[in-house]
Amino acid sequence: IVHAGKKRFPSGKTAGEFDLSDFDRWAQQIGREKFEFLFRISLRTVGSYYVEFLEKLAAPLYWNLRRAGVTPGFEAGAALEYSPYPDPRYRITFDDVFWHLDKESMEETFDRLLDRQSYRGIRSLLDAFFPRNRAAALAAVCEGTDFHAFMTANGAQVLEADEDVAQFQLRGGSGSSGILGVVGFNAYEGRRLRFYQGDQSILAQIYLDFRRCLLAERKKQRPAKWKPW
């Protein structure tokens, strides 16, 4: 209902508590990225109950009836025998409820992913290497197929523990909840890094995961359809 708006009946009455204006207001108040995260978590929680209902009751009952010779109506068959290629007679269409993400630019996708907690280390790395220049950071990630290529192409250097350094810039890392491992580093002028927790192999895994995610998200974008004047 939040995405589609209130259902309106021929009589003029509506069903549902919320409409699209509520959706937009919440997204503005808490930020689109956080709203997207909370919405998906809520959807996962609610959806898990439906999945449990399917596995424990609906599907077993359905197949028992089929084995007994009972032929279900179209609605039951469509719900329990999902196919990505529906019968064209029923004119079923599929759409992504997160339709707004299909309208993102490359830069917007890039920024949205960098806001994720799991990519906090990559965000701080790019902030150090390309301060206030997101376009250059995006170009560098697109060109750097892996962490080694990224570091080499941008003249970056990993410092030893006792090596002299230039002026300190910032401290970055994945934090204590990093899925791919915990890493911490200090960034210095001249695109130099010194790791104080973990090592560069962990940051390399996070970088590669971020880049794969970025490219995968862009593949989901729907090309604009040409429309005649």
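Just above sits the structure.
What comes next is a walk through the structure. (Residues numbered from 1 in each chain as written. Predicted model: local features only at pLDDT ≥ 70, side-chain atom pairs only at ≥ 80, totals over all residues. Heavy atoms only, no water.)

**So, the overall build of the protein**
At step 1: Scanning the protein for helices and strands turns up eight helices and six strands.
At step 2: Along the protein, helices (α) and strands (β) appear in the sequence β-β-α-α-α-α-α-α-α-β-β-β-β-α when read from the amino end.
At step 3: Here the contacts in the protein between residues at least 6 apart in sequence split such that 50% fall between residues at least 24 apart.
At step 4: Carbon and sulfur atoms form 55% of the exposed surface of the protein, whose accessible area is close to 15800 Å². (Helix = DSSP H or I, 4+ residues; strand = E, 2+ residues; numbered from the N terminus. Contact = heavy atoms within 4.5 Å. Areas by Shrake-Rupley, 256 points an atom, 1.4 Å probe, with all protein chains shown as cover.)

**Digging into the nonpolar core**
At step 1: Counting residues in each nonpolar core, the largest one holds 30 residues, and the members touching the most others are Phe110, Leu126, Phe129, Phe150, Leu193 and Leu203.
At step 2: Among the elements of the structure, α4 (106-114), α5 (120-129), α6 (134-143), α7 (147-153), β5 (184-188), β6 (192-197) and α8 (200-219) are those that each provide at least two residues to this core. (Core = buried A, V, L, I, M, F, W, Y, C linked by side-chain atoms within 4.5 Å. Buried < 20%, exposed > 50% of the residue type's maximum accessible area, 1.4 Å probe, protein only.)

**A word on the packing of α5 against α8**
At step 1: Where α5 meets α8, the closest approach of the two axes is 9 Å, and the angle between their N-to-C directions is 95°. In terms of orientation, α5 and α8 fall into the roughly perpendicular class. Contacts from Gly121, Ile122 and Leu125 of α5 reach α8 at Leu203, Ile206, Tyr207 and Phe210.
At step 2: Along the lines of polarity and charge, the residues of the contact of α5 with α8 split into six nonpolar, one polar and no charged. (Axes fitted to C-alpha atoms, helices over the stretch in contact; angles between N-to-C directions. Parallel < 35°, antiparallel > 145°, perpendicular 65-115°, else oblique. Nonpolar A, V, L, I, M, F, W, Y, C, P; charged D, E, K, R; others polar.)

**Focus: the sheet that holds strand β4 (residues 168-173)**
At step 1: Spatially, four strands are ordered β3-β6-β5-β4 in an open sheet, and the strand pairing comes out mixed. Where the open sheet ends on each side, the last strands, each with one partner, are β3 (157-158) and β4.
At step 2: Taken together, the two bridges between β3 and β6 define a ladder with parallel strand orientation. Bridging from a neighbouring strand, Val158 pairs with Leu193 of β6.
At step 3: Against the sheet, α5 touches β4, β5 and β6, its axis set at about 165° to β4. (Pairing = 2+ DSSP bridges.)

**A few points about the packing of aromatic side chains**
At step 1: Evaluation of the coordinates by the stated rule reveals 11 aromatic pairs.
At step 2: Taking 5.1 Å as the distance between ring centres and 75° as the angle between the ring planes, the aromatic pair formed by Tyr119 and Phe210 counts as edge-to-face. Of this pair, Tyr119 sits in the loop between α4 and α5 while Phe210 is found in helix α8, placing the two residues 91 residues apart along the sequence.
At step 3: Using a relative accessible area of 0% as the deciding quantity, one classes Phe210 as buried.
At step 4: Connected via pairs of aromatic rings, a cluster forms that spans Phe129, Phe130, Phe147, Phe150 and Tyr207.
At step 5: Over the ring of Tyr196 we find Arg171, and its NZ or CZ is 4.3 Å from the ring centre. (Phe/Tyr/Trp six-rings, centres within 6.5 Å; stacked < 30°, edge-to-face > 60°. Lys NZ or Arg CZ within 6 Å of the ring centre and 35° of its normal.)

**A few points about the side chain of Arg211**
At step 1: Within the fold, Arg211 resides in helix α8.
At step 2: Comment: no salt bridge for buried Arg211; closest opposite-charge side chain is Asp146, at 8.3 Å.
At step 3: From its side chain, Arg211 meets the backbone oxygen of Cys142 in a polar contact 2.6 Å long.
At step 4: Arg211 has contacts with Val141, Cys142, Gly144 and Thr145, leaving out every residue within four places of it along the chain. (Lys, Arg positive; Asp, Glu negative; His and termini not counted. Salt bridge = Lys/Arg side-chain N within 4 Å of Asp/Glu carboxyl O. Polar contact = N/O pair within 3.5 Å; in protein donor to acceptor, adjacent residues only side chain to side chain.)

**Concerning the environment of Arg171**
At step 1: Tracing the chain through its elements places Arg171 in strand β4.
At step 2: For Arg171, a relative accessible area of 54% puts it in the exposed group.
At step 3: The residues touching Arg171, leaving out its near neighbours within four places in the chain, are Phe185, Asn186 and Tyr196.

**Some remarks on helix α2 (residues 32-67)**
At step 1: At Leu54, α2 is bent by approximately 50°, the largest bend along its length.
At step 2: Residues of α2 that are buried: Phe35, Glu36, Ala58, Ala59 and Tyr62.
At step 3: Immediately beyond the C-terminal end of α2, within one or two residues, lies Gly69, with a positive phi of roughly 95°. (Bend = angle between axes of the 7 residues up to and from the residue.)

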